[in-house]
Amino acid sequence: MAPSAPKACLRVQGTDIVDADGNRVILKGTATGGHTNMENFITGYPGHESEMRAAMLEVLGQEKYDFFFDKFLEYFFTESDAEFLASLGLNCIRIPINHRHFIDNLNPSVIRPEAFTLIDRIVSSCAAHGLYTIIDMHTFPGGQNQGWHSDSGIHKALFWDFKDFQDRMTNLWVEIAKHYKDNTWVAGYNPMNEPADPDHVNLQAWYKRVEKAIREVDPHHILFLDGNTYAMDFSGFKEVLPNCVYAIHDYASMGFPSGEPYLGTPEQNETLQKSYERKVEFMKSHKVPIWNGEFGPVYAYPSEPNHSLTNQRRYNLLGQQLTIYKADQISWSIWLYKDIGFQGMVHASPDSAYIKLLQPFLAKKKRLGLDKWGRDDKEVAHIYAPVIEHFKQEIPEQWVNKRYPQVWKIEGHVHRVIRETLFSEIMCWEYASYFEGKSFEELDELAASFKLENCVRRDGLNEILRRDAEGV
């Protein structure tokens, strides 16, 4: 029997999230990334979702295109997935959404009702198993950041330059808030994923605007507000908004191929602690709740040398991070639930139709290092090194790393434009070509590769999360 709905919305009380009776609630869960917001490393295409979809439409035609993506959305997350996540002791699922499900750029004033049908199904499936949900807007017109996951197709965050874009998304949030205002299984709204405002003032202005607009139709739900520069920087934040939780993303470089291996040394643990403390300084000084909306390492494939050792070290890293979070009793949402085998708690089987079909392309994409997330450059570093050196030689030192975000340095910006944008956009056509001539039955089988019963569970990761969720 489905659990009874909470009596009232969760709310902020001091440094805690509490329920209707004032009891502290620590949200622990994961995200359905790759589902209602697809990402390249999660499901295997290159570049940006909108470009991939355009290439797929060209190859499949409208009827088969609609069929495949409808089936993908149907199979990727069902009540079976919610049941599995609840069995681990988790209590909250973050739902990343591409704004294009709701808004047609050619008719932006009309909200697509079918988008609510899609999100309602996820929220209801989670509620049936006692799971809260957080609705996360992961993409914005023009891009709220410079990364691939904002699905802008460019390397700039133009959202901050156009009031029209800001109006659209404020209005969309009003409609979302109207729709879910009485749903107490919705823990709250994450209005913007990983903002990256170069001026460090536009984000706070938009937060004040969207918070006020949402409160006019829904005064009760919590807002989960990401920090600037990919949820890592609160230095520009000057005030606390009511009934808001402030969110960091706490990825550790030691969990990625480009970082040093995690060996659990005192120095490494101190690095993890200091990075976390820097990000949460604003919340601690203003005595507001902390939500870690994303964190987690990536994992080596079985075909890679020493993959077992690599993955054990990354499990150990994850365990240390959870120890830090437990000490402060913060809420968290690990990235991510389901993918093709790189980071997910479960992943499509190597024997599935989808992976078998795309294996040559996935191997090529990995060799080329097209995806920023966790790439290994050993095959292509010699190609890009002279280009980067050329930039360094020709651009005066005071400007070579001036472009925001400065933490990327010139290397990151070169890769973003050449590999992650231009190269990947063109490669979308090759990806789509693998689907050419597929029948409806074959397309159904490909989409069904992401059904839970057809996936492999990453037991080592899931056991770590279960033990933490259950307080072991």
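Student: Summarise the overall build of the chain; cite the residues concerned and give the values.
Tutor: A count of helices and strands for the chain gives 15 helices and 15 strands. Relative to the compact-globule value of 23 Å for 472 residues, the chain shows a C-alpha radius of gyration of 21 Å, a close match. On the principal axes, the C-alpha backbone points of the chain span a range of 60 × 55 × 50 Å. When the 472 residues of the chain are sorted by exposure, 56% land in the buried category. Look at the contacts in the chain between residues 6 or more apart in sequence, and 75% of them connect residues 24 or more apart. When the accessible surface of the chain is totalled, it reaches about 19400 Å², and 53% of it is carbon and sulfur. Between the mean site of the 50 positive side-chain charges and the mean site of the 65 negative ones, the chain shows a separation of 3 Å.

Student: Would you mind going over the packing of aromatic side chains in detail, with residue names and values included?
Tutor: Taken as a whole and assessed by the stated rule, the structure comprises 46 aromatic pairs. When the centroid spacing of 5.1 Å and the interplanar angle of 80 degrees are considered together, the rings of Phe 68 and Phe 69 count as edge-to-face. Take Phe 68 and Phe 69: they sit in the same class, and that class is buried. Every member of this aromatic cluster is reached through a ring pair, and the members are Tyr 45, Tyr 65, Phe 68, Phe 69, Phe 72, Phe 76, Tyr 354, Phe 361, Tyr 431, Tyr 434, Phe 435 and Phe 450. Of note, Lys 64 hangs over the ring of Phe 440, and the distance from its end group to the ring centre comes to 5.6 Å. When the ring centre of Tyr 384 is taken as reference, the NZ or CZ atom of Arg 419 above it lies at 4.3 Å.

Student: Report on unusual backbone geometry, specifying residues and quantitative values.
Tutor: Here the residue pair Trp 335 and Leu 336 is connected by a cis peptide bond, since its omega of 10 degrees sits within 30 degrees of zero. Mapped onto the elements, Leu 336 comes out in the loop between strand E12 (331-334) and strand E13 (338-339). Note that the residue after Tyr 404, namely Pro 405, is joined by a cis bond; omega there is -5 degrees. Tracing the chain through its elements places Pro 405 in the loop between helix H12 (397-400) and helix H13 (409-433). Unusually for a residue other than glycine, Thr 229 sits at a positive phi of about 50 degrees. Tracing the backbone shows Thr 229 in helix H7 (residues 228-231). The buried category is assigned to Thr 229, whose relative accessible area is 11%.

Student: A description of the pattern of salt bridges should follow, citing residues and the corresponding values.
Tutor: Applying the stated criterion across every chain yields a total of 32 salt bridges. Lys 7 is paired through a salt bridge with Asp 21; the nearest N and O atoms lie 2.8 Å apart. Separated by 14 residues along the polypeptide, Lys 7 in the segment before strand E1 (11-13) and Asp 21 in the loop between strand E2 (16-18) and strand E3 (28-31) bring together distant segments of the chain. By relative accessible area, Lys 7 is classed as exposed at 66%.

Student: Outline the packing of helix H2 (residues 49-76) against H13, supporting the account with residue identities and numerical values.
Tutor: When two helices pack together, their arrangement is captured by the angle between the axes and the distance separating the axes. In the contact formed by H2 and H13, the axes pass within 8 Å of each other and the chain directions differ by 40 degrees. When the axes of H2 and H13 are compared, the pair comes out oblique. Remark: the crossing between H2 and H13 carries right-handed chirality. Residues Glu 51, Met 52, Ala 55, Met 56, Glu 58 and Val 59 of H2 pack against Glu 425, Cys 428, Trp 429, Tyr 431, Ala 432 and Ser 433 of H13. Taken together, the residues of the contact of H2 with H13 break down into 8 nonpolar, 1 polar and 3 charged.

Student: Before we move on, can you summarise the state of the cysteines with the specific residues and values?
Tutor: One pass over the full model with this rule turns up 0 disulfides. Cys 92 forms no disulfide, and the closest cysteine sulfur to it belongs to Cys 126, at a distance of 8.5 Å. Since its relative accessible area comes to 0%, Cys 126 is described here as buried.

Student: Go over the environment of Pro 405, please, and point to the residues and values.
Tutor: For Pro 405, a relative accessible area of 1% translates into the label buried. With 208 residues separating them in the primary sequence, Pro 405 and Asp 197 have C-alpha atoms 9.0 Å apart. Ignoring anything within four residues of it in the chain, the contact list for Pro 405 reads Gln 146, Thr 229, Tyr 230 and His 413.

Procedures and definitions
- Residues numbered from 1 in each chain as written.
- Predicted model: local features only at pLDDT ≥ 70, side-chain atom pairs only at ≥ 80, totals over all residues.
- Heavy atoms only, no water.
- Helix = DSSP H or I, 4+ residues; strand = E, 2+ residues; numbered from the N terminus.
- Rg over C-alpha atoms; globule rule 2.2 N^0.38 Å.
- Buried < 20%, exposed > 50% of the residue type's maximum accessible area, 1.4 Å probe, protein only.
- Contact = heavy atoms within 4.5 Å.
- Areas by Shrake-Rupley, 256 points an atom, 1.4 Å probe, with all protein chains shown as cover.
- Lys, Arg positive; Asp, Glu negative; His and termini not counted.
- Charge placed at Lys NZ, Arg CZ, Asp CG, Glu CD.
- Phe/Tyr/Trp six-rings, centres within 6.5 Å; stacked < 30°, edge-to-face > 60°.
- Lys NZ or Arg CZ within 6 Å of the ring centre and 35° of its normal.
- Salt bridge = Lys/Arg side-chain N within 4 Å of Asp/Glu carboxyl O.
- Axes fitted to C-alpha atoms, helices over the stretch in contact; angles between N-to-C directions.
- Parallel < 35°, antiparallel > 145°, perpendicular 65-115°, else oblique.
- Left-handed = near helix turned anticlockwise from the far one by under 90°.
- Nonpolar A, V, L, I, M, F, W, Y, C, P; charged D, E, K, R; others polar.
- Disulfide = S-S within 2.5 Å.

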